[in-house]
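Here are the chains, one letter per residue:
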Amino acid sequence: MLTIAQITDLHITNGSRPKEHVRNAARLRIALKSVYAMKPKPAAILVTGDLIDTGTLEEYEELKQILSDCEIPLYYGLGNHDDRENFRKAFPGTPVDDNGFVQYAFMLGDLRVIMCDTLEGKEHGGFCEKRAAWLTKTLAEAPDTPTLLALHHPPIASGIVWMDEPADAPWKVRLGDVIRGRQQIKGIICGHMHRAFSGVFAGHLVQVSTATTIQLALDLSPIDLRVPDHRELLTERAPGFMLLVWDKGELVMHACPAGDFPAAVHYQVPFIKD
Ligand SMILES: [Fe+2]
């Protein structure tokens, strides 16, 4: 059995924004503490974008500082709050493709992970022809190897319309064309939405992770994007992460709130008595 943690949407910032600086770092530390305490220890942590908040080198240095005592291998992807150039300066060991996009494939046990780069401007996702060609080639290299795709922007909608992108957004259509029918893909993991939900895209399971920073409120009522109605958009609910369990060719994904919670029941009586 192989376990893999996913953390996402860390939004680490620095002292120029004191409230977010303290809050986001504290929430990341709570999530990391819970990940580090997992038994068995995860084989890797996939960090699926919005690593920092405004894309500065100083923020990436702050993130490196927080993660400096991490004993689990870290694999990074980029989100819309990241800056590709500054990330590459701060994390020169992370692979990039021939065009400089932060996308790469690696093995965890017998599971292949492909980190994709959907950074395209400040908000919505992107997956240009060059990135799609790289993914097509990379999938073709190992058509029989079970594969997990990791990307920041979910290609599915949540129903929270102020955050969703249309189903016919060109990058979604392009991604769908690349992955449809690829039997080796066992699942797709994403971030960006700051809450956990799942759906199906191009015939594949998509699991979106909760954030380590603040969470998106679940409000599906109609919204007028020109008229603020004072609804709650984001909440201070507990930070969280995903725990992926890969066992004998099957993948399951657990959404995990992070923090210290009291035990409700302890194991004190044998389940099986001889
Ligand atoms: Fe985010």
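See the structure shown above.
Thresholds, definitions, all that
- Counting of residues starts from 1 at the beginning of each chain's written sequence and follows it residue by residue.
- In keeping with the predicted nature of the model, local features appear solely for residues at pLDDT of at least 70, side-chain atom pairs appear and are counted solely at 80 or more, and the whole-chain, interface and lining totals rest on all residues.
- Secondary structure elements are taken from DSSP: a helix is a run of H or I of four residues or more, a strand is a run of E of two residues or more, and numbering for both begins at the N terminus.
- Every radius of gyration here is taken over C-alpha atoms, with the globule rule written as 2.2 Å times N^0.38, N being the number of residues.
- The exposure scheme places C-beta atoms from the backbone and then counts, for each residue, the other C-beta atoms within 10 Å of its own, assigning buried at 20 or more, exposed at 12 or fewer, and partly exposed in between.
- By the convention adopted here, residues make contact when the C-beta atoms placed from their backbones lie within 7 Å.
- Strand pairing is defined by DSSP finding a minimum of two bridges between the two strands.
- Between N-to-C directions, angles cover 0 to 180 degrees, with each direction set by a line fitted to C-alpha atoms, over the stretch in contact for helices.

Let's talk about the overall build of the protein chain
So, point 1. Tallying secondary structure elements over the protein chain gives five helices and 13 strands in all.
So, point 2. Relative to its length of 274 residues, the protein chain is compact, with a C-alpha radius of gyration of 19 Å against a globular reference of 19 Å.
So, point 3. Along the first, second and third principal axes, the C-alpha atoms of the protein chain reach 60 × 50 × 40 Å.
So, point 4. A total of 274 residues make up the protein chain; the buried ones form 38% of that total.
So, point 5. Taking as baseline every contact in the protein chain between residues at least 6 positions apart, the subset at least 24 positions apart corresponds to 69%.

Here's the deal with the sheet that holds strand β6 (residues 147-150)
So, point 1. The six strands lie next to each other as β4-β5-β6-β7-β9-β8, forming an open sheet whose pairing is mixed. The sheet terminates laterally at β4 (104-108) and β8 (197-201), the two strands that pair on one side only. The average angle at which neighbouring strand axes cross in this sheet is 25°, direction not considered.
So, point 2. Bridge count between β4 and strand β5 (residues 111-115): five bridges; the pairing is antiparallel. Residue pairing for β5: Phe106 is matched across the bridge by Val113.

Remarks on the environment of Lys172
So, point 1. Relative to the helices and strands, Lys172 is located in helix α5 (residues 170-179).
So, point 2. Distance from Lys172 to Arg17, taken between C-alpha atoms, is 34 Å for residues 155 residues apart in sequence.
So, point 3. Not counting residues within four places of it along the chain, the set of residues in contact with Lys172 comprises Pro155 and Ala167.

Comments concerning the pairing of strand β9 (residues 204-208)
Taken residue by residue, a regular strand's side chains alternate between the two faces of the sheet.
So, point 1. As paired strands, strand β7 (residues 185-190) and β9 are joined by three bridges and run parallel to one another. In the sheet register, Cys190 faces β9, and the bridge partner there is Val208.
So, point 2. Where β8 and β9 come together, five bridges link them in antiparallel fashion. When the sheet's bridge partners are listed, Gly199 is paired in β9 with Val206.
So, point 3. Between β8 and β9, which pair antiparallel and follow one another directly, the connecting turn spans two residues, one of which, Ala202, has a positive phi of 50°.

Geometric values such as these leave the question of function open.
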